[in-house]
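Structure assessment
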Amino acid sequence: MGLQEVARLFVIPSGLRFFLCLYYIDTMKHAKGAGMGCLLLAAILLPFSFVYGEPPAAREYRLRLFNTHTLERLNVVYRRDSVYDFEALAKLDLFLRDHRVGRVKHYAPQLFDLLTELVAKVGRPEAEIHVICGYRTEGTNKQLRSRSSAVAKNSLHREAEAIDIRLPGVLTSRLRDIALALRRGGVGYYAISNFLHLDVGRVRRW
Ligand SMILES: [Zn+2]
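Presented here is an overview of the structure given in this document. Because the structure is a prediction, the values reported are computed rather than measured. (Residues numbered from 1 in each chain as written. Predicted model: local features only at pLDDT ≥ 70, side-chain atom pairs only at ≥ 80, totals over all residues.)

**A short note on the sheet that holds strand β5 (residues 162-166)**
Here we have 8 strands laid out as an open sheet, ordered β3-β2-β1-β4-β5-β7-β6-β8, and mixed in their pairing. The open sheet has two edge strands with one neighbour each: β3 (83-84) and β8 (204-205). In terms of strand pairing, strand β1 (residues 60-67) meets strand β2 (residues 73-80) through 7 bridges, oriented antiparallel. The residue of β2 that forms the bridge with Glu-60 is Arg-80. Relative to the sheet, helix α4 (residues 86-95) contacts β1, β2 and β3, its axis offset from that of β2 by approximately 145°. (Pairing = 2+ DSSP bridges. Helix = DSSP H or I, 4+ residues; strand = E, 2+ residues; numbered from the N terminus. Contact = placed C-beta atoms within 7 Å. Axes fitted to C-alpha atoms, helices over the stretch in contact; angles between N-to-C directions.)

**Quick look at the environment of Asp-113**
Assignment of secondary structure puts Asp-113 in helix α5 (residues 109-121). The partly exposed category is assigned to Asp-113, around which 17 C-beta atoms lie within 10 Å. Taking the C-alpha atoms as reference points, Asp-113 and Tyr-78, separated by 35 residues in sequence, lie 9.4 Å from one another. (Buried ≥ 20, exposed ≤ 12 C-beta atoms within 10 Å, placed from the backbone.)

**Regarding unusual backbone geometry**
With a phi angle near 50°, Asp-81 is a residue other than glycine that sits in the positive phi range. In this structure, Asp-81 sits in the loop between β2 and β3.

**Examining the pairing of β5**
With 4 of its 5 residues buried, β5 lies for the most part within the structure. The pairing of strand β4 (residues 129-133) with β5 spans 3 bridges and is classified as antiparallel. Residue pairing in the sheet places Val-131 in a bridge with Ile-165 of β5. Direction of pairing for β5 relative to strand β7 (residues 195-199): antiparallel, over a ladder of 4 bridges. Counterpart to Ala-162 in the pairing with β7 is Asp-199.

So, in structure tokens, the structure goes:
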């Protein structure tokens, strides 16, 4: 247990603090209650010294990615608490570009949240996710479709809302089950090629 956690144990909830304040004001109206009043004031102010002395660290959302085609790696914090880091998102967009034609499209950050939650739920929050495919232009999608029945005509890869991944050391079927339980969008399992398609479109599976 770190200092922050210990400090939190002493923090009085704001609602209770409000009533303590009222009681303090009431007590101080009577001179004989001054001693009690001082104690109450200490109780009210004590949490502030903990809370404001050292603000709690923001929760970091980090992704570690490896692109199996370009062999590029990215290790980036793209979100702190609820605030997205636009510079980091741009790095992710570039990483997930259609490398065949060098085109970049802005990705839905919800997909990144889905990835961080997935690796956390699988018990491997530090794991490097292998990316088989990110964004696909219309042309690339058509080209891949002519060669594989696994490529959909209206694929969400064209909208930068889908990604194909695998996680070394974790069975892709297990990854699929966890992704399905999250119910954040489409989940496609490709057993032979051993990868999982994830998107943030409608909840569906194949
Ligand atoms: Zn896909």
